[in-house]
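What the coordinates show
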Amino acid sequence: MVTFLIMYIFDIAPYPQEAQLLYFAEGKMVTLVDPVNREGVIRLVNRKDPKDIVSLEFRFHRKKPGQKLSVI
C-alpha cells in the first residue's frame, strides 16, 4: 500500500550526470551521493509540488573483505 501511494504522488527524478562514491569504515561501508549537495542519488519529486523532493540514500556494507556488498 505504501509503495502504491509513493508511486501515485511522486515521480523518480533522473540520476545526476556525476555521482560520488563515499567510503566509510575502511571500505566496509559505501554510499552513492550527488557531489553537489551530498544527498542520495535517488530522488522522488512530488507531482503536485516539484519543490518537494525526497532524497534516498542507500548504504551498503560487507562484513569481511571479498564478500559481496549488501544493503543496510
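Our structure is the block above this text.
Bringing the overall build of the chain into the picture now. Counting its regular elements, the chain contains one helix and seven strands. Beginning at the N terminus, the succession of helices and strands in the chain can be written as α-β-β-β-β-β-β-β. Its C-alpha atoms give the chain principal-axis dimensions of about 45 × 30 × 15 Å. Of all 72 residues assigned to the chain, the portion counted as buried reaches 18%. Here the analysis covers contacts within the chain between residues at least 6 apart in sequence; of these, 41% occur between residues at least 24 apart. If you sum the accessible surface of the chain, you get close to 6000 Å²; carbon and sulfur atoms cover 61% of it.

What follows concerns the sheet that holds strand β3 (residues 29-33). Pairing is antiparallel in the open sheet, where four strands are placed in the order β2-β3-β6-β7. Looking at strand neighbours, the two that pair on one side only are β2 (20-24) and β7 (70-71), the edges of this open sheet. Note that β3 and strand β6 (residues 59-61) share three bridges and pair antiparallel. Paired with M29 across the bridge in β6 is H61.

Once that is clear, we can look at the pattern of salt bridges. Counted according to the given criterion, the structure contains three salt bridges. As a salt-bridge pair, R43 and D34 come within 2.6 Å of each other at their nearest N and O atoms. For the pair shown, R43 and D34 are each scored as buried.

Another point: the pairing of strand β5 (residues 53-56). Bridge count for strand β4 (residues 42-46) against β5 is four bridges, and the pairing is antiparallel. From the neighbouring strand, R43 faces β5, where its bridge partner is S55. Connecting β4 to the next strand, β5, in antiparallel fashion are six residues.

Right, let's get into a nonpolar patch on the surface. A cluster of nonpolar side chains, contributed by V54, L56, F58 and V71, occupies part of the molecular surface with about 290 Å² of accessible area. Within the secondary structure, F58 sits in the loop between β5 and β6. Owing to a relative accessible area of 38%, F58 belongs among the partly exposed residues under this scheme.

Conventions and cut-offs
- Residues numbered from 1 in each chain as written.
- Predicted model: local features only at pLDDT ≥ 70, side-chain atom pairs only at ≥ 80, totals over all residues.
- Heavy atoms only, no water.
- Helix = DSSP H or I, 4+ residues; strand = E, 2+ residues; numbered from the N terminus.
- Buried < 20%, exposed > 50% of the residue type's maximum accessible area, 1.4 Å probe, protein only.
- Contact = heavy atoms within 4.5 Å.
- Areas by Shrake-Rupley, 256 points an atom, 1.4 Å probe, with all protein chains shown as cover.
- Pairing = 2+ DSSP bridges.
- Salt bridge = Lys/Arg side-chain N within 4 Å of Asp/Glu carboxyl O.
- Patch = residues over 30% accessible without salt bridge, like charges linked within 9 Å, V, L, I, M, F, W, Y side chains within 5 Å.

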